[in-house]
Amino acid sequence: MQNSENHHPHHHHHHSDTEIIGNDRASYSGPLSGPLNKRGGKKSARFNIPESTDIGTSVGTGGKSNDDAYVEITLDVREDSVAVHSAKTAGGDDVEDPELALLAKGLEKKSTSGSSLVRNASSRIRQVSQELRRLASLNKRPIPTGRFDRNKSAAAHALKGLKFISKTDGGAGWAAVEKRFEDITASTAGLLPRAKFGECIGMNKESKEFAVELYDALARRRNITTDSINKAQLKEFWDQVADQSFDSRLQTFFDMVDKDADGRITEEEVREIIGLSASANRLSTIQKQADEYAAMIMEELDPNNHGYIMIENLEMLLLQAPNQSVQRGGESRNLSQMLSQKLKHTQERNPIVRWYKSFMYFLLDNWQRVWVLLLWIGIMAGLFTWKYIQYKEKAAYKVMGPCVCFAKGAAETLKLNMAIILLPVCRNTITWLRNKTRLGAAVPFDDNLNFHKVIAVAIALGVGVHGLSHLTCDFPRLLNASEEEYEPMKYYFGDQPESYWWFIKGVEGVTGIIMVVLMAIAFTLATPWFRRNRVSLPKPFHKLTGFNAFWYSHHLFVIVYTLFIVHGEKLYITKDWYKRTTWMYLTIPIILYASERLIRAFRSSIKDVKILKVAVYPGNVLALHVSKPRGYKYKSGQYMFVNCAAVSPFEWHPFSITSAPGDDYLSVHIRTLGDWTRQLKTVFSEVCQPPPNGKSGPLRADNSQGENNPNFPKVLIDGPYGAPAQDYKKYEVVLLVGLGIGATPMISIVKDIVNNMKAMDEEENSLENGHNNMAPNSSPNIAQKKGNKSGSASGRNNFNTRRAYFYWVTREQGSFDWFKGIMNEAAEMDHKGVIEMHNYCTSVYEEGDARSALITMLQSLHHAKNGVDIVSGTRVKSHFAKPNWRNVYKRIALNHPEAKVGVFYCGAPALTNELRQHAWDFSHKTSTKFDFHKENF
């Protein structure tokens, strides 16, 4: 029968065979609401198909009969299921439309309880009716011009998306869920509370709200209205969540957003899911702007202002993603596959050959460190052997035996190491040697602090051998020697001692014990556990942890060196002054180190700086912009020391310079990680003001007039000092990796590359135009080259970098505010595509996770529309989760065969080994050579 309401548009009484959808009506016929018998039977319904929609190839409107405008769907209704038996046109032709085929699969609903089906027959029929209405609504919508294409690439991309549980393999995943269910429901009579659903299926605490919404969506689909479910229902939920079908995932996600289950998503529902996704990914900025982003999605996906969007709109958005990326050609894919095969680990069968190859690779990568360590160990071995042989010939050997030889041999190595341990911390000397001499090619100056620590270990071992040899061997032998045996020792020790106290109360004993105690304190507080606050101590001992404790305890060396000289002058056995050589070892290193400290004090006092700008950013980062002293020259990647008397007049702390050499100011970004930096931030926060008009943003204080604000604390600087990253210009290709605040030296390099590119462009344009003099607004880099006869050739010789890859990985969204201006400037000025920048926010779930799916959609829409990334707030599009570093190296190796790539890393030590290992692997298995460098402070 046809719908009579088509002829009476103002009649609003809804018969059982009519449903209103939007402003349109869809008709159907058949006894859907009649009673069901227990055995079930087939029920049919007829649906009107709008003229704008064609079904398959057999249904149309032009020239067709009235029956052709209807589809007849036959349902097979049984006690425990409702299945689609057939779908035909009213004329009897089978329907081949894929959406109807999808409906046929979707309508097959199995009942959780066979007996309850009869009792709830009417509600089940209403559910089926709702699904049919959704189909009618779906077919009524005009197909968009840019209809999504389920090609191979799009399908592959889609299957990676909307995963509700990461790293699950179905069966094994359910076993873990089942175990958690048993644990959680042990006290709840086998019922899983709604609030514990996320924990049970393996989601973390940050996703609790998201998990609750997922529970609600799955429950709505099954007409479950309770706040708890049993194990069988959980299994149903899990099967849908873990379903690998993209269509199933899409439907589940759609159901989460579509809270009223009407098959449409309104702007309010979009706003709620945006807030939920932002909360799960700890993106507070997006959460605050949920209204704006919801309006943007509706504007994009609902251009006809229907007031809602449908499931196919979300699908279209997801399947568009592969088209936005540049696809590699067949040749590149083949190269990538060949490289992957080459990089596969192959085990050499012959252990000798395997060991030899590994050893040669190790030597090739570490020859600078190897020869320095071998020279140092050789010198120590020589000194030890020399003293051992020397004392073996003395009369004391007959009484004290080889113990005196071990004690004196260890003492000689201690003299050497106490002298050279000062050299690696003579930073001015090291910076001069690496910048002004060619020693940097053979000496690993970048490992100065590591060498300092290795020497400290050798000192600890030397003290142990020296002290134990005396205390456990030499002194007992002297105490227990007979009068005849002791006779030769009277010249050195006087009358034979009667107890240990005689040795301890002497100058040698007192100085030795005090030195050991002070060294033990300094060494202990210098360990990472104490220095980086990894040890939690009760009050008042908590002050023994942190950088302040390390810094002050390290200055106990002044007392140690004084006692060391006294100890060396009061030797028992050596009486001749010229044989007491301790002062000879220490004189030059002590003078050199003292000169370094005097230079710092002198240089910082005459090179006065004024604070220009201060900002306190999210993530506890303080940015200081100070005036650049006259004649202050530095390289990108270098660092300087900062002192603030308002915090501590004695402490100097190193920080990477974030400004570029061409800038007319100096800047550092300081993260509060310890006592001193926390106090520094507090001091400057007091003079900063919040943004006007209640806007969100960093605290700021600006002194653009150039006269120092009296409220600003006084700051002194010392430097610059050499660092590994300053050598980036030697490489045509560089990989810059910064972890959190470790991006600071890399930012300076990015700015320097941009300035150099700009300078070279200006120089080339000037030469092309025939001008010999530079324009007044030329870059400072040009001015430095002025007068150089080689012109642009000189610029090219000094600056070799032609391609830079910058990866910044940070945990918090607010971190991107630190260098937002610099990132935007680099993106705007890099017309030649020299710098490839990648921001990674690890708080956001990886691409493909349902919890970040809407964030990904928002990001794509906003970046395409406004050119700004919603996560970083810059022109650089952000990635989610952590980078796949192997793929990063692989892509660079493919893009730059036969090239030498400089890899510069600054950040937490955890990533060092992985980056170094990849550099080693790709250097020895591809034609691209990677030189790895890590910043050390």
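Residues numbered from 1 in each chain as written. Predicted model: local features only at pLDDT ≥ 70, side-chain atom pairs only at ≥ 80, totals over all residues. Heavy atoms only, no water.

## Here's the deal with the overall build of the protein
Part 1: A count of helices and strands for the protein gives 36 helices and 21 strands.
Part 2: By residue count, 47% of the 937 residues in the protein fall in the buried class.
Part 3: Of all intrachain contacts in the protein linking residues separated by at least 6 positions in sequence, the fraction that spans at least 24 positions is 71%.
Part 4: Summing over all exposed atoms, the protein offers an accessible surface of approximately 47,900 Å²; the carbon and sulfur share of this is 54%. (Helix = DSSP H or I, 4+ residues; strand = E, 2+ residues; numbered from the N terminus. Buried < 20%, exposed > 50% of the residue type's maximum accessible area, 1.4 Å probe, protein only. Contact = heavy atoms within 4.5 Å. Areas by Shrake-Rupley, 256 points an atom, 1.4 Å probe, with all protein chains shown as cover.)

## Comments concerning the pairing of strand S21 (residues 929-934)
Part 1: Judged from the six bridges that link them, strand S20 (residues 900-906) and S21 form a sheet pairing that is parallel. Paired with Phe904 across the bridge in S21 is His933.
Part 2: The parallel pair S20 and S21 is bridged by helix H36 (residues 912-925), and the resulting crossover is right-handed. (Pairing = 2+ DSSP bridges. Right-handed = clockwise from strand over helix to strand, strands pointing away.)

## Here's the deal with the packing of helix H27 (residues 557-569) against helix H28 (residues 582-606)
Helix-helix packing: each pair is described by the crossing angle between the helix axes and the interaxial distance.
Part 1: Direction vectors running N to C along H27 and H28 enclose 155°, while the axes themselves pass 10 Å from each other. The pairing of H27 with H28 is recorded here as roughly antiparallel in orientation. Two packed elements cross with a definite hand, and for H27 against H28 that hand is left-handed. Taken together, the residues of H28 that come into contact with H27 (itself represented by Phe557, Tyr561, Phe564, Ile565, Gly568 and Glu569) are Thr582, Trp583, Leu586, Ile590 and Tyr593.
Part 2: Classifying every residue of the contact of H27 with H28 gives eight nonpolar, two polar and one charged. (Axes fitted to C-alpha atoms, helices over the stretch in contact; angles between N-to-C directions. Parallel < 35°, antiparallel > 145°, perpendicular 65-115°, else oblique. Left-handed = near helix turned anticlockwise from the far one by under 90°. Nonpolar A, V, L, I, M, F, W, Y, C, P; charged D, E, K, R; others polar.)

## Here's the deal with the sheet that holds strand S11 (residues 639-644)
Part 1: The three strands are arranged S12-S11-S15 in an open sheet whose pairing can be described as antiparallel. Lying at the two open borders of the sheet, with one neighbouring strand each, are strand S12 (653-656) and strand S15 (715-721). In this sheet, adjacent strand axes meet at a mean angle of 30° when their direction is disregarded.
Part 2: Strands in contact with helix H19 (residues 427-436) are S11 and S15; relative to S15, the strand with the most contacts, it is inclined by about 40°.
Part 3: Against the sheet, helix H29 (residues 675-685) contacts S11, S12 and S15, and its axis sits at roughly 65° relative to S11.

## Things to note about the UniProt feature "domain: EF-hand" (unreviewed entry) in the protein
Part 1: Following the UniProt record, the feature "domain: EF-hand" (unreviewed entry) maps to residues 245-280 here.
Part 2: Taken end to end, residues 245-280 has its terminal C-alpha atoms 24 Å apart, with 72% of it in helix and 0% in strand. (UniProt positions renumbered as here; feature names shortened; annotations may be inferred.)

## Structural notes on the sheet that holds strand S14 (residues 699-702)
Part 1: Taken together, four strands build an open sheet; the order of strands is S13-S10-S9-S14 and the sheet is antiparallel. Of all strands in the sheet, those with a lone pairing partner are strand S13 (665-671) and S14, marking the two edges. Here the strands of the sheet are splayed against their neighbours by 10° on average, with no regard to which way each runs.

## Describing helix H18 (residues 402-420)
Counting along an α-helix, one turn takes 3.6 residues, and residues three or four places apart therefore face a common direction.
Part 1: Helix length check: H18 (19 residues) gives 28 Å between terminal C-alpha atoms against 27 Å at 1.5 Å per residue, within 8%.
Part 2: For H18, a buried count of 17 out of 19 residues is recorded, marking the element as mostly surrounded by other parts of the structure. (Expected span 1.5 Å × (residues − 1).)

## Section: unusual backbone geometry
Glycine aside, the phi torsion of most residues is negative, and most peptide linkages are trans.
Part 1: Of note, the amide linkage connecting Gly719 to Pro720 takes the cis form, showing an omega dihedral of 5°.
Part 2: Here the phi dihedral of Ala881 falls at roughly 65°; this positive angle occurs in a residue that is not glycine.
Part 3: The residue Glu898 is not glycine, and still its phi comes out positive at about 65°.
Part 4: By secondary structure assignment, the location of Glu898 is in the loop between helix H35 (885-895) and S20.

## A look at the pattern of salt bridges
Part 1: Evaluated as defined, the whole model comprises 25 salt bridges.
Part 2: Across the salt bridge formed by Lys231 and Glu182, the nearest N and O atoms sit 3.0 Å from each other. Placement of Lys231 in helix H8 (residues 231-241) and of Glu182 in helix H5 (residues 171-184) is noted, with a sequence separation of 49 residues between them.
Part 3: Exposure remark for Glu182: the relative accessible area of 40% places this residue in the partly exposed category.
Part 4: Among the ionic pairs, Glu569 bridges to Arg580, the shortest N-O distance being 3.3 Å. Within this pair, whereas Glu569 is found in helix H27, its partner Arg580 is found in the loop between H27 and H28, the two being separated by 11 residues in sequence.
Part 5: With a relative accessible area of 31%, Glu569 lands in the partly exposed category.
Part 6: Here the residues in one salt-bridge network are Glu267, Glu268, Arg271 and Asp291, joined through shared partners. (Salt bridge = Lys/Arg side-chain N within 4 Å of Asp/Glu carboxyl O.)

## Describing the nonpolar core
Part 1: Within the largest apolar cluster, 92 residues are counted, with the highest numbers of intra-cluster contacts made by Leu234, Ile274, Ile286 and Phe806.
Part 2: Membership of the second largest hydrophobic core comes to 28 residues, among which are Leu624, Phe655, Val683 and Val715. (Core = buried A, V, L, I, M, F, W, Y, C linked by side-chain atoms within 4.5 Å.)

## Let's talk about the packing of helix H12 (residues 290-301) against helix H34 (residues 850-866)
Part 1: Axis separation between H12 and H34 bottoms out at 11 Å; the angle between their running directions is 75°. One element, H12, and the other, H34, form an angle in the roughly perpendicular class. Here Glu292, Tyr293, Met296, Ile297, Glu299 and Glu300 of H12 come into contact with H34, specifically with Leu854, Leu858, Leu861, His862 and Lys865.
Part 2: In the contact of H12 with H34, the residues fall into six nonpolar, one polar and four charged.

## Let's talk about a nonpolar patch on the surface
Part 1: A surface patch of nonpolar side chains, about 630 Å² in accessible area, is lined by Leu471, Tyr500, Trp501, Ile504, Ile513, Val517 and Ile521.
Part 2: Listing elements by their share of the nonpolar patch, those giving two or more residues are helix H23 (500-505) and helix H24 (507-526).
Part 3: Relative to the assigned elements, Ile521 resides in helix H24. (Patch = residues over 30% accessible without salt bridge, like charges linked within 9 Å, V, L, I, M, F, W, Y side chains within 5 Å.)

## Concerning the pairing of strand S9 (residues 611-617)
Part 1: Buried residues dominate S9, accounting for five of its seven residues.
Part 2: Between S9 and strand S10 (residues 621-627), which pair antiparallel and follow one another directly, the connecting turn spans three residues, one of which, Gly619, has a positive phi of 85°.
Part 3: In the sheet, S9 pairs with S14 via four bridges, with the strands oriented antiparallel. In the strand pairing of S14, Val614 is matched with Ala701.

## Remarks on the side chain of Arg427
Part 1: Structurally, Arg427 is set in helix H19.
Part 2: At 7.1 Å, Glu596 is the nearest oppositely charged side chain to Arg427, a buried residue that forms no salt bridge. (Lys, Arg positive; Asp, Glu negative; His and termini not counted.)

## Some points on the environment of Ala481
Part 1: Topologically, Ala481 is positioned in the loop between helix H20 (448-480) and helix H21 (483-486).
Part 2: C-alpha separation for the pair Ala481 and Met400, spaced 81 residues apart in sequence, amounts to 9.1 Å.

## Let's talk about H20
Part 1: With 33 residues, H20 extends 47 Å from end C-alpha to end C-alpha; this agrees with the ideal 48 Å at 1.5 Å per step.
Part 2: Maximum bend of H20: about 40°, positioned at His470. (Bend = angle between axes of the 7 residues up to and from the residue.)

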